[in-house]
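Report on the structure
The chain contents come next:
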Amino acid sequence: MYLPPHDPHVDDPMRFKPLFRIHLMERKCATVECMYGHKGPHNGHIQIVKKDEFSTKCNQTDHHRMSGGRQEEFRTWLREEWGRTLEDIFHEHMQELILMKFIYTSQYDNCLTYRRIYLPPSSPDDLIRPGLFKGTYGSHGLEIVMLSFHGKKAKGTKITGDPNIPAGQQTVEIDLTHPLQLPDVETLRDFSELSRIVLEVQEQVRRQEQEEGDRSQQSACQPAASPLPGEGAQGEETAAGEEGTTQDKAPASQPFVLPMGVISRNEDYPRTCRICFYGTGLIAGHGFTSPERTPGVFVLFDDDRFGFIWLELKSFSLYSRIKVPFQNAQAPSREAFDEMLKNIQSLAT
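Residues numbered from 1 in each chain as written. Predicted model: local features only at pLDDT ≥ 70, side-chain atom pairs only at ≥ 80, totals over all residues. Heavy atoms only, no water.

1. Observations regarding the domain arrangement of the chain
Here the chain is partitioned into domain 1 (2–115) and domain 2 (131–205 + 251–347). Between the C-alpha centres of domain 1 and domain 2 there is a distance of 28 Å. With 22 residues of domain 1 in contact, the opposing surface of domain 2 contributes 21 residues. Interface area for domain 1 against domain 2, summed over the two sides, is near 1800 Å², with a carbon-plus-sulfur share of 66%. In terms of surface lost to domain 2, no three residues of domain 1 exceed Val-10, Met-14 and Leu-97, which account for 31% of the buried area on that side. (Domains from an automatic or database assignment. Contact = heavy atoms within 4.5 Å. Buried area = accessible area lost by both parts, 1.4 Å probe.)

2. Topic: the pairing of strand β11 (residues 170–180)
Across the eleven residues that make up β11, a large majority, ten, are buried. Bridge analysis of strand β10 (residues 153–158) against β11 gives five bridges, and the strand direction is antiparallel. Of the residues in β11, the one forming a bridge with Lys-155 is Glu-173. Bridge analysis of β11 against strand β15 (residues 275–285) gives five bridges, and the strand direction is antiparallel. Among the inter-strand pairings, Val-172 is bridged to a residue of β15, identified as Gly-281. (Buried < 20%, exposed > 50% of the residue type's maximum accessible area, 1.4 Å probe, protein only. Helix = DSSP H or I, 4+ residues; strand = E, 2+ residues; numbered from the N terminus. Pairing = 2+ DSSP bridges.)

3. A few points about the pattern of salt bridges
Counted by the stated rule, this structure contains 24 salt bridges. The partner of Arg-65 in a salt bridge is Glu-73, with the nearest N and O atoms 3.2 Å apart. On the accessibility criterion, Glu-73 (8% relative accessible area) is buried. Here Arg-189 and Glu-186 are joined by a salt bridge, their closest N and O atoms 3.5 Å apart. Of the residues examined, Arg-189 reaches a relative accessible area of 33% and is grouped as partly exposed. Judged by its relative accessible area of 57%, Glu-186 is exposed. Several salt bridges share partner residues, and in doing so they unite Arg-65, Arg-70, Glu-73 and Asp-109 into one network. (Salt bridge = Lys/Arg side-chain N within 4 Å of Asp/Glu carboxyl O.)

4. Quick word on the packing of helix α1 (residues 69–82) against helix α2 (residues 92–106)
Where α1 meets α2, the closest approach of the two axes is 11 Å, and the angle between their N-to-C directions is 105°. Comparing the axis directions of α1 and α2 gives the class roughly perpendicular. On α2, the residues touching Arg-70, Glu-73, Phe-74, Trp-77, Leu-78 and Trp-82 of α1 are Met-94, Ile-98, Leu-99, Lys-101, Phe-102, Thr-105 and Ser-106. Grouping the amino acids of the contact of α1 with α2 by side-chain chemistry returns eight nonpolar, two polar and three charged. (Axes fitted to C-alpha atoms, helices over the stretch in contact; angles between N-to-C directions. Parallel < 35°, antiparallel > 145°, perpendicular 65-115°, else oblique. Nonpolar A, V, L, I, M, F, W, Y, C, P; charged D, E, K, R; others polar.)

5. Quick word on the pairing of strand β16 (residues 289–302)
For β15 and β16, the ladder comprises ten bridges, and the chain directions are antiparallel. Within β16, the residue paired with Gly-281 across the bridge is Thr-294. In this antiparallel pair of consecutive strands, β15 and β16, the connection spans three residues, and Gly-287 shows a positive phi of 75°. Bridge count for β16 against strand β17 (residues 305–310) is six bridges, and the pairing is antiparallel. Paired with Leu-300 across the strands is Phe-306, a residue of β17.

6. What about helix α4 (residues 191–221)?
With 31 residues, α4 extends 45 Å between its outermost C-alpha atoms, agreeing within 8% with the 45 Å of an ideal straight helix rising 1.5 Å per residue. By the burial criterion, the buried members of α4 are Phe-191, Glu-193, Leu-194, Ser-195, Ile-197, Val-198, Val-201 and Val-205. Considering only its buried residues, α4 is in contact with β11, α3 (185–188), β15, β16 and β17. (Expected span 1.5 Å × (residues − 1).)

So this is what it looks like as structure tokens:
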């Protein structure tokens with residue numbers, strides 16, 4: 001198992017923890033051992049379910065128990081997973097979320113099903129190289145997100161989840177056709193000014209989507225008309241050119257600071273950024289209840305770090321690239337990757 005570093009240190013390396021091991025014996029025989037718990041290796045089972053899917057099962061779950069009961073197990077898990085004790089966590093809401101995560105994860109007793117995921121394919125036109133990133137999620141701690149590019153949009157898909165948003169859901173979506181021109185640093189400190197800029201773009205996006213929907217409905221009912229001289233393809237090129245110009249004119253770097261009142265788990269975020277885009281983030285209640293997409297700002301810092309300002313939550317997530325060299329993880333095709341994304345989202349829902 002690859003675990004993220006302790007919250008909120010997103011730039012620290014991933015942690016590695018063995019869960020099972022297989023001893024290959026003579027005559028094609030093998031023994032399987034579960035490595036979970038603190039009493040040493042014990043009997044386990046691994047089964048190939050189907051292509052790209054297998055399951056693990058511990059046959060001696062009593063090895064996972066501790067003499068001090070669930071309370072000792074929880075405190076040990078907290079030190080290993082979070083690098084702290086319960087006394088270090090003063091926020092009651094955070095204590096509640098951490099306890100929920102412990103209950104969710106420990107109830108399976110290392111009887112788990114694993115499915116293959118592919119790393120996202122890359123293109124020379126991508127804003128940065130796609131891949132896996134560690135991100136701060138407030139009281140939920142650090143989570144793993146996969147950044148992938150899909151034409152005019154970029155998507156951040158959760159690989160690990162929490163009691164509010166499960167793994168497989170699209171945590172952020174970035175509209176690459178709507179770059180944001182941030183004000184100077186002093187003006188940016190005013191949250192109401194950033195909010196005004198973002199909500200104006202949100203309304204613009206809403207109108208454009210409505211117009212595109214109306215045009216699609218009209219074209220379905222009417223025969224296509226011939227373009228007038230000076231219209232059609234030439235007009236499309238001009239629009240595309242304007243979009244390209246917006247990004248081309250963006251400075252190589254510009255000063256950046258979080259507005260007053262925006263909460264960040266990690267205050268060590270970069271103070272310059274390359275470019276910002278309008279985007280939306282997915283929020284929900286416990287158990288993925290009442291999910292909704294809310295406006296936000298995608299902030300590209302460099303090739304390995306980006307951020308997202310959740311406007312409604314007044315919260316900031318900082319993401320840092322995972323640099324583990326995963327082998328044989330590339331998707332055989334774009335279609336196979338897209339199909340995998342659909343599958344993990346359907347499992348989450």
